[in-house]
Amino acid sequence: MDPTMAEAVSKEVARESVVVCDNIDNVCVDSMIVNWINRKLLEKSTCGLHTLEEYAAVMKYDDRKRLNDEYVGLVQVLKDELMH
């Protein structure tokens, strides 16, 4: 988090709060006060984060493959054009 944003959040929001910011420009997406956290909640949250991480990895792989396939196709078109 941007230091300026972190300072503003730490001054304005209670210590027990959770603040979610947009990764690009630190826009506050959501905030809430956590009244209690127990082991079960932490385990479920960790499981959810792992699922999200796996989904992001699959998306990243798929995007990389699609871009590579497009690149290979474009290079082939250029080769074909140069041969004719």
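As a reminder, the structure under discussion sits directly above these lines.
Scoring rules and cut-offs
Every chain is numbered on its own, with residues counted from 1 as its sequence reads. With the structure being a predicted model, the display of local features is reserved for residues of pLDDT at least 70 and the display and counting of side-chain atom pairs for 80 or more, all residues being used for whole-chain, interface and lining totals. Only hydrogens and water are removed before side-chain values are computed, so all heavy atoms of the structure are retained for them. Working definition: helices are DSSP H or I runs of at least four residues, strands are E runs of at least two. Numbering for both runs from the N terminus. Here the term buried applies to any residue with accessible area under 20% of the maximum for its type, exposed to any over 50%, and partly exposed to those in between, with areas from a 1.4 Å probe on protein chains only. We call two residues contacting when some pair of their heavy atoms lies within 4.5 Å. Method for areas: the Shrake-Rupley scheme with a 1.4 Å probe, in which residue coverage is limited to the protein chains shown. Excluding any residue in a salt bridge, patches collect residues exceeding 30% relative accessible area, merging like charges within 9 Å and nonpolar Val, Leu, Ile, Met, Phe, Trp and Tyr side chains within 5 Å. Any carboxyl oxygen of Asp or Glu within 4 Å of a side-chain nitrogen of Lys or Arg constitutes a salt bridge here. As used in this structure description, the phrase polar contact means that two N or O atoms lie within 3.5 Å; if the pair is within protein, one of them must be able to donate a hydrogen and the other to accept it, and residues adjacent in sequence are counted only when both atoms belong to side chains.

Student: Explain the overall build of the protein here, please?
Tutor: Of regular secondary structure, the protein possesses two helices and two strands. Counting from the amino terminus, the protein carries its helices and strands in the arrangement α-β-β-α. Every one of the 84 residues in the protein was classed for burial, and the buried ones make up 4%. The contacts in the protein between residues at least 6 apart in sequence include a share of 7% that link residues at least 24 apart. For the protein, the accessible surface area stands at approximately 8000 Å², while carbon and sulfur atoms represent 59% of it.

Student: I'm lost on a nonpolar patch on the surface in this one. Help?
Tutor: Taken together, the side chains of Leu49, Leu52, Tyr55 and Met59 present a nonpolar region at the surface, about 450 Å² in accessible area. Position of Tyr55 among the secondary structure elements: in helix H2 (residues 39-83).

Student: Looking at this model, I keep getting lost on the pattern of salt bridges. Mind explaining?
Tutor: Opposite charge on two side chains permits them to pair, given that their charged atoms come into close proximity. Taken as a whole, this structure holds three salt bridges when the rule is applied. Taking the shortest distance from any N to any O, the salt bridge between Glu43 and Arg39 comes out at 3.9 Å. Of the two residues, Glu43 and Arg39 are both situated in helix H2; the distance of four residues between them amounts to about one turn of the helix. In this structure Glu43 comes out as partly exposed when scored by relative accessible area, which is 48%. With a relative accessible area of 65%, Arg39 lands in the exposed category.

Student: Help me understand the environment of His84 in this model?
Tutor: Inspection of the secondary structure puts His84 in the segment after H2. Only 2.7 Å separates the side chain of His84 from the backbone oxygen of Asp80, close enough to count as a polar contact.

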